[in-house]
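Read off the chains here:
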Amino acid sequence: MADKEQVAIYGRRLREARESIGISLVDLGVAVDLDPSGASGRLSRYENGIHQPKLGLQRLLARALQQPLAYFYAENDELAQLISNFGRRDEPGLRPIEIKKKGKGKGKGK
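Keep in mind the model is a prediction, meaning the values are calculated, not measured. (Residues numbered from 1 in each chain as written. Predicted model: local features only at pLDDT ≥ 70, side-chain atom pairs only at ≥ 80, totals over all residues. Heavy atoms only, no water.)

(A) View of the packing of aromatic side chains. In this structure the tally under the stated criterion is three aromatic pairs. The interplanar angle of 40° and the centroid separation of 5.5 Å between the aromatic rings of Tyr10 and Phe72 together place this pair among those described as tilted. A residue pair is termed long-range when its members are at least 10 positions apart, and Tyr10 in helix α1 (residues 4–20) and Phe72 in the loop between α4 (55–64) and α5 (77–87) qualify at 62 residues. Summarising the burial analysis for this pair, Tyr10 and Phe72 share the class buried. Taking 5.2 Å as the distance between ring centres and 85° as the angle between the ring planes, the aromatic pair formed by Tyr71 and Phe72 counts as edge-to-face. Given the relative accessible area of 0%, Phe72 is considered buried. (Phe/Tyr/Trp six-rings, centres within 6.5 Å; stacked < 30°, edge-to-face > 60°. Helix = DSSP H or I, 4+ residues; strand = E, 2+ residues; numbered from the N terminus. Buried < 20%, exposed > 50% of the residue type's maximum accessible area, 1.4 Å probe, protein only.)

Written out as structure tokens, the structure is:
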């Protein structure tokens, strides 16, 4: 089981990255092939530090959010920003997963 502090840092960075590009939990979940009916709850548990996704899903989430995986583990905000800036260079491994946003209504939020 992952260290609670590590899970909390991961969750905070996951929420920051998602909110910075303005997408819902459902839209992010669908982008990484989670079941739309459970995506919001599952990702919410990750963001709130209740659970941590397995490495394969972490990689998909990082790619969808256009961040290097290391960004999600940076303990301070300055380091996280440096990692983010470095990782946003045009590298083939960081090409984003296309996220299709749904219209207004249910599914938007958090």
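(B) Representation of the side chain of Arg13 within the structure. With respect to the helices, strands and loops of the structure, Arg13 is situated in helix α1. Not counting residues within four places of it along the chain, the set of residues in contact with Arg13 comprises Tyr71, Phe72, Ala74, Glu75, Asn76, Asp77 and Ala80. (Contact = heavy atoms within 4.5 Å.)

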